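One-letter residues, chain by chain:
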Amino acid sequence: MSVNFARKATGLVRQAGAKDVFVYNVNFINIAIGVAFMFLFMPNGSYPGENIYLSTILCTLFVLPTSLVYAMFASAMPRSGGEYVYVSRAMSPLFGFVASWNYTIWCFFYIGVPAAFLGKYGISALFRELGVNLGSPAMTTYGDWFNTPFGTAMTGSILIIAFAAVFIFGVSLYMKIQNFTFVLASIGLAFTALVLFHHTPADAVTHFNSYANQFTGSKDTYSDIVKNLGSGAVTEVPFNLKQTLISMTWPFTVLGFSIASAYIGGEIKGANRSQLIGMPGSLLYSAFWLLLVSFVTLHAFGYDFLGNLGAVNPTAVKLAFTPTFSELAAALTGHLWLVIVIGVSFALWTYAWLPIYILTATRNLLAWALDGLLPAKVSEVNESTHSPLFAILFSSILGIGFLWLYAYDSAFSTISGFFGQVCGTFILTSIAAIVFPYTQKDMFEGSPVAWRVGGIPLLSILGVLSLIGMVTIAWAFLNDPQSGISFSAPFMIYVNAGVFLSGFIFFYGAKFIQARQGIDINLAFMEIPPE
Amino acid sequence: MAFGFGGRGYKLFYASDIHGSEKCFLKFVNAGKFYKADALVLGGDITGKMIVPLIHRDGKYHARFLGRDFVAETEAEIAEVEKSIRMNGFYPAIMEPDEHAHFQADETARTEMIDRLVLKSVERWIDIAETRLKGTGIRCFINAGNDDDDYVDEALKKSDVVENHEGGVVDLDGDLQMIVCGFSNRTPFDSPREKDEPELEAYINNIIPKLKDPSNAIFTLHVPPYNSGLDSAPMLKDGGVVTKGGHTVMAPVGSTAVRKVIEQAQPLLGLHGHVHESRATKNIGRTLCINPGSEYSEGILRGALISFKGNKIQGHQLVQA
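Residues numbered from 1 in each chain as written. Chains lettered and ligands numbered in written order. Predicted model: local features only at pLDDT ≥ 70, side-chain atom pairs only at ≥ 80, totals over all residues. Heavy atoms only, no water.

1. Digging into the pairing of strand 20 (residues 287-291) of chain B
Residues and elements named next belong to chain B. Burial analysis of strand 20 places five of its five residues in the buried class, the great majority of the element. Burial along strand 20 is two-sided: the face carrying Thr287, Cys289 and Asn291 and the face carrying Leu288 and Ile290 are both buried. Strand direction decides the pairing type here: strand 18 (residues 269-271) and strand 20, joined by three bridges, are parallel. Note that in strand 20 the partner of leucine 271 across the bridge is isoleucine 290. (Buried < 20%, exposed > 50% of the residue type's maximum accessible area, 1.4 Å probe, protein only. Helix = DSSP H or I, 4+ residues; strand = E, 2+ residues; numbered from the N terminus. Pairing = 2+ DSSP bridges.)

See below:
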């Protein structure tokens, strides 16, 4: 065994390990929102013949290569910045910036969206659950308000402002809050799963009717739902592979994002092992939980009930808004403490994307500013709080703008932004993975992931698989009647294309402005030949 | 107007903390021609942190670094592995298994061996710099940092091309002058070149009076000013790094002495390093302070281009070469 000899010198600069990477990514993946989306939108008849389990498993298999590509890149280039670093070095600074720009613009959007989820799915349901259990119709009415566009936008704005304040006082404070809320949310999800597991459709529907009776006034709300749907009522039909593939868009909304730790790659200790375990590990762990919670939800209520609940217009049956799996679980228990645990923990899950998107967007803004692509002001760090004040405020204000857009414009109340992240960022990163071992031969050969299969770099092989996976996901989005993006309704295609192409315009614009001041932005990225 | 455009003034390229990466050093030496710079400044921490033995066993040479095993048999293969080790900031050392065992067991012998190899490498780098820069008109300033032992200073001072002005003042262009200090404040790592804050302040304040005009000077001080955003490093507790929720807790680790002398003297420019992950620029009063950060382990040379006209900074730009 060869032992190397170290000098006495200043030490490691990398800190977070595999466990930290795992927690960070699982938090970002957001299991509970994933399950909520899946049952709100998958069994409602939009994908006749789809299989929820197979859809989740296939989605996992399609995104796994992308997760591994990011993990291997993070191992080869253990720096913060994600694709901004990877694509810049593998392809060119222009494409690196465009990939990063595209992701960051959608980051701003997804600062707003989860903020909306808090009111729309979290607090509204919690108030209704408490209203029913405490016999307080007023609380139920308050809950309905949180689900209105104004209630959603107001609640979300307060949440974004609160998080901006937390980040201004430092990441450390946020991490304390995150650790606490993550544990609470995870325990609550486990309780939710346990409650669901102890019921079957035979009694669960009765519980639901009894629960809904408090605010619909009907003794058999489920029958009202079925009657309202008429011939459109959902029934299970034979398996259909195409519909199963198309419905992958819903598990993708969470499973596609096991890569959050790539953006803090510079802080990961033993990046090779940590990222290679942490990224795909968090994906597989979350996929397992999605399958498990899906199983207990279907076990409790059955496919037809969940499909009809998702299909019906909630106001037509006096539901005000469609209950998520979490609220359905709360409806099954008469214990107030359990209702609180289920409701509060789900509310904590709803906005989990928000702070991580603020962090990612802020870091990307800083990196661009240091490279001369944004004014230096953006990269300034406040001496009192040690936080990038301007970048945080900028991200938060944009996030609030997108929140209101999401709340009031139905075109943006969809998952079409994920399509942009797939096409504009993940596909570019996949291509970068294919070419990296050839364009940066020395860096690849010197990296701990210079593995080959049959003489071909494994990273290139995974890049090809990732490309296939992402193109398949993009195809699913374009064919999904509920994704909000398709060739037949192309508005969001234009928006996505506009976001992507504006990256090129911004890059060349910044280059032009800097050139007028004597600064050649190309120099920021040009490699000096060592020989 | 600056950099590669017309009407240019005096241009300087600054980098720091390359920690033995030969690839970064070769890029540094070539940076003068590449950026059309008048001067190159390498602000300390030039030596690496680890010796990688190539152990002779069964007619082959075995090494392990970057988490991988390397086996070399022919001279060309050995040279290739040695080159790869040097490019990544380590020092190769061919040895027999009994020598390896001896160095493992005997700390004194191990330290002597490390010092010998580090010094040899520094001398080799000086030769490279002399070969590539002699007669070009590009001045090359290199000073030691807190991670560099005293013998590095001595080696640097022997060169007639590489200039080491540790603890002193050097004239650059016109009235523009530069002072150099490679010492840092205390670190938890007990590195070779550290001082207590009052001692560090006194050391720098002893140099400043030698300047013609401190307000028209560059302060090349290895450690960045305290709480400047150029000095955010992982918080340490009981020898470990503090993390929360997968995130590192950062804290300022710069020097209060450096901050104080910059606030008082208000030089034109502060050039710093030391904290690799804290790539940033910051104005302290009228002084522009720069820490270009370091990515030596990936062979990326992070640096800064600064151009001067008269007694003003014309422009600055962070680069990653």
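2. Some points on the interface of chain B and chain A
Interfaces are often described in size by the accessible area the parts lose on coming together. At the interface, 77 residues of chain B touch 58 residues of chain A. Counting across the chain B and chain A interface gives two salt bridges. Notably, a salt bridge pairs Glu295(B) with Arg89(A), separated by 3.0 Å at the nearest N-O pair. Summed over the shared surface of chain B and chain A, the number is seven residue pairs in polar contact (both at pLDDT 80 or more). Top contributing element to the side of chain B that touches chain A by residue count: helix 1 (residues 22-35) of chain B, with seven residues. Its residues assigned to classes, the side of chain B that touches chain A shows 33 nonpolar, 24 polar and 20 charged. (Contact = heavy atoms within 4.5 Å. Salt bridge = Lys/Arg side-chain N within 4 Å of Asp/Glu carboxyl O. Polar contact = N/O pair within 3.5 Å; in protein donor to acceptor, adjacent residues only side chain to side chain. Nonpolar A, V, L, I, M, F, W, Y, C, P; charged D, E, K, R; others polar.)

3. What to know about the domain arrangement of chain B
Residue and element names in this part refer to chain B. For chain B, the assigned domains are domain 1 (10-48 + 118-320) and domain 2 (51-114). Here domain 1 and domain 2 have C-alpha centroids that lie 31 Å from each other. Facing 12 residues of domain 1, the contacting portion of domain 2 comprises seven residues. Between domain 1 and domain 2, a total of about 820 Å² is buried, with carbon and sulfur atoms accounting for 53% of that surface. On the surface where domain 1 and domain 2 come into contact, there are one salt bridge. (Domains from an automatic or database assignment. Buried area = accessible area lost by both parts, 1.4 Å probe.)

4. Quick look at the sheet that holds strand 9 (residues 169-171) of chain B
Backbone hydrogen bonds are what pair the strands of a sheet, in a parallel or an antiparallel way. Residue and element names in this part refer to chain B. A sheet is described by the order of its strands in space; here six strands give the open sequence 9-10-11-18-20-19, paired in mixed fashion. Bordering the open sheet on either side are strand 9 and strand 19 (280-284), each of which pairs with just one other strand. Geometrically, the sheet is characterised by an average inter-axis angle of 20° between neighbouring strands, direction not taken into account. In this sheet, strand 18 lies alongside strand 11 (residues 217-221) in parallel orientation, the contact comprising three bridges. In the strand pairing of strand 18, threonine 220 is matched with leucine 271. Sitting on the sheet, helix 7 (residues 256-265) touches strand 11, strand 19 and strand 20, and the angle it makes with strand 11 is about 175°. (Axes fitted to C-alpha atoms, helices over the stretch in contact; angles between N-to-C directions.)

5. Brief notes about helix 10 (residues 221-229) of chain A
All names here are of chain A. Among the residues of helix 10, those classed as buried are Thr221, Tyr222, Ile225 and Leu229. Buried residues of helix 10, viewed axially, fall in a sector of 105°; they line one side. In this structure, the buried residues of helix 10 make contact with helix 9 (201-216) and helix 14 (303-311). Glycine 230 sits one or two positions beyond helix 10 and adopts a positive phi of about 55°. (Arc of directions from axis to C-beta.)

6. Looking at the confidence of the model for chain B
When pLDDT is low, close inspection of the predicted coordinates is not appropriate. Residue and element names in this part refer to chain B. Per-residue confidence for chain B averages 89 on the pLDDT scale, and 94% of its residues sit at or above 70. Counting interchain partners and residues more than four positions distant, the pLDDT-below-50 stretch residues 1-7 has 24 contacts. In the predicted assembly, ipTM is 0.84 and pTM is 0.81. (pLDDT = per-residue confidence, 0-100.)

7. A short note on the packing of aromatic side chains
Residue and element names in this part refer to chain A. Applying the stated criterion to the full structure yields 66 aromatic pairs over all chains. Between tyrosine 70 and tyrosine 86, the aromatic rings sit 6.0 Å apart at their centres with planes inclined by 75°, giving edge-to-face as the arrangement. Taken together, the residues span a long stretch of sequence, with tyrosine 70 in helix 3 (residues 52-76) and tyrosine 86 in helix 4 (residues 83-90) at a distance of 16 residues. We classify tyrosine 70 as buried; its relative accessible area is 0%. Owing to a relative accessible area of 0%, tyrosine 86 belongs among the buried residues under this scheme. Taking 5.8 Å as the distance between ring centres and 75° as the angle between the ring planes, the aromatic pair formed by tryptophan 353 and phenylalanine 418 counts as edge-to-face. On the criterion of sequence distance, the pair formed by tryptophan 353 in helix 17 (residues 353-370) and phenylalanine 418 in helix 19 (residues 416-439) is long-range, its members being 65 residues apart. (Phe/Tyr/Trp six-rings, centres within 6.5 Å; stacked < 30°, edge-to-face > 60°.)

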